[in-house]
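# Architecture at a glance
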Amino acid sequence: MTHRLLLFVALGAALFTAGCGNDENHGWLGYAEGEDAFIAAPQAGWVQNIHVHRGDLVKKGDLLFTLDDTNQVAQRDAAAATISQSTAQMDDARAALALAEKELTRQQKLVRANAGAQQALDIARNTYQAAKARVDQIEAQIHQARANLDAAAYQLSQRDVVAQTSGRVEDIYFRNGEYTQSGTPVLSILPPQNVFVRFFVPETQFAKIKMGQEVTITCDACAKNLRAKISFIAQKQEFTPPVIFSIGNREKLVFKLEARSPGGLKLNPGQPVEVHPASQNSTAQ
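Keep in mind that what you see is a predicted model, and the values were worked out from it rather than measured. (Residues numbered from 1 in each chain as written. Predicted model: local features only at pLDDT ≥ 70, side-chain atom pairs only at ≥ 80, totals over all residues. Heavy atoms only, no water.)

## Section: the pattern of salt bridges
The tally for this structure, following the rule as stated, stands at 13 salt bridges. Between R198 and E258 there is a salt bridge, with its nearest N and O atoms 2.9 Å apart. Highlighted residues: R198 in strand β10 (residues 195-202) and E258 in strand β14 (residues 253-260), separated in sequence by 60 residues. Take R198 and E258: they sit in the same class, and that class is buried. Through salt bridges with shared partners, a single network forms among E33, E35, R198, E258 and R260. (Salt bridge = Lys/Arg side-chain N within 4 Å of Asp/Glu carboxyl O. Helix = DSSP H or I, 4+ residues; strand = E, 2+ residues; numbered from the N terminus. Buried < 20%, exposed > 50% of the residue type's maximum accessible area, 1.4 Å probe, protein only.)

## With respect to the sheet that holds strand β4 (residues 57-58)
Note on sheets: strands pair through backbone hydrogen bonds, and any given pair is parallel or antiparallel. Spatially, four strands are ordered β2-β9-β7-β4 in an open sheet, and the strand pairing comes out antiparallel. Across the chains shown, the open sheet's two edge strands, defined by having one partner strand only, are β2 (37-40) and β4. The sheet contact formed by β4 and strand β7 (residues 167-172) spans two bridges and is antiparallel. The residue of β7 that forms the bridge with V58 is G167. (Pairing = 2+ DSSP bridges.)

## Thoughts on helix α3 (residues 118-157)
In this model α3 runs 58 Å from its N-terminal to its C-terminal C-alpha over 40 residues, within 8% of the 58 Å that 1.5 Å per residue would give. Every buried residue of α3 is accounted for by L121, A124, A131, V135, I138, I142, A145, A152 and L156. Taken together, the buried residues of α3 touch α2 (70-112) and β6 (160-162). (Expected span 1.5 Å × (residues − 1). Contact = heavy atoms within 4.5 Å.)

## Some points on the sheet that holds β6
Strand order in the open sheet formed by four strands is β6-β5-β3-β8, with antiparallel pairing between adjacent strands. Among the strands making up the open sheet, the edge pair consists of β6 and β8 (179-180). As paired strands, strand β5 (residues 63-67) and β6 are joined by three bridges and run antiparallel to one another. Its bridge partner lying in β6, T66 is registered against D160.

Below, the structure is given as structure tokens:
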């Protein structure tokens, strides 16, 4: 909130100066704004470790925080144990199937040679079919156990939350040992491309504005030649925001606009700026 307070004071002073003078070349007043990316855990759980601090610059793929994974590890280990157990059962089942197949083949030869009984052949055939069904059953168990293992491994991987975007860590809402619900932001990141300017154009100048129009941005200690394009124009006019009006312009109606650059603007959210039509750049400087 401190930078917001400083912004209001700075804008108020600037507008008071503009209102008391006759300089018609001053720019439209506004400030830099940023849209944070709120990073939440896809699952509920106890926050085990926060790996970043406010102000840290992170890049995509960096580990941000971890949740307690005791339950997920247990599920993974249980699925792995089931696979191991079923694999051992499969060895015995395949051995039994091989014996049943040999006995079935032997009984078939005996019957063809009129040296065996049909009853013995039927028993051998039933034994073979039962052994084969057992192999099929265990194969299905192993397939299901592997699917369970994949699901458990995925659930476990979700306990480590990594950055999906690069930027600066703006705030941290949970600490180690706190419990967070699924979808609740744990921290926020400001991607550079999400920094834009919001400014206010008097009603008397609004007719000259259009979407996509290029503007230049100036401020104290700003990089030179900051350019952006108007990306938003409010549909309704409003009175000059109370936090930035001066005696000279408090009754004027203004329109709220936003301007963005594809890669973002090298500004800090809350920083006061002046915005000028690009064609007036030389005058503004």
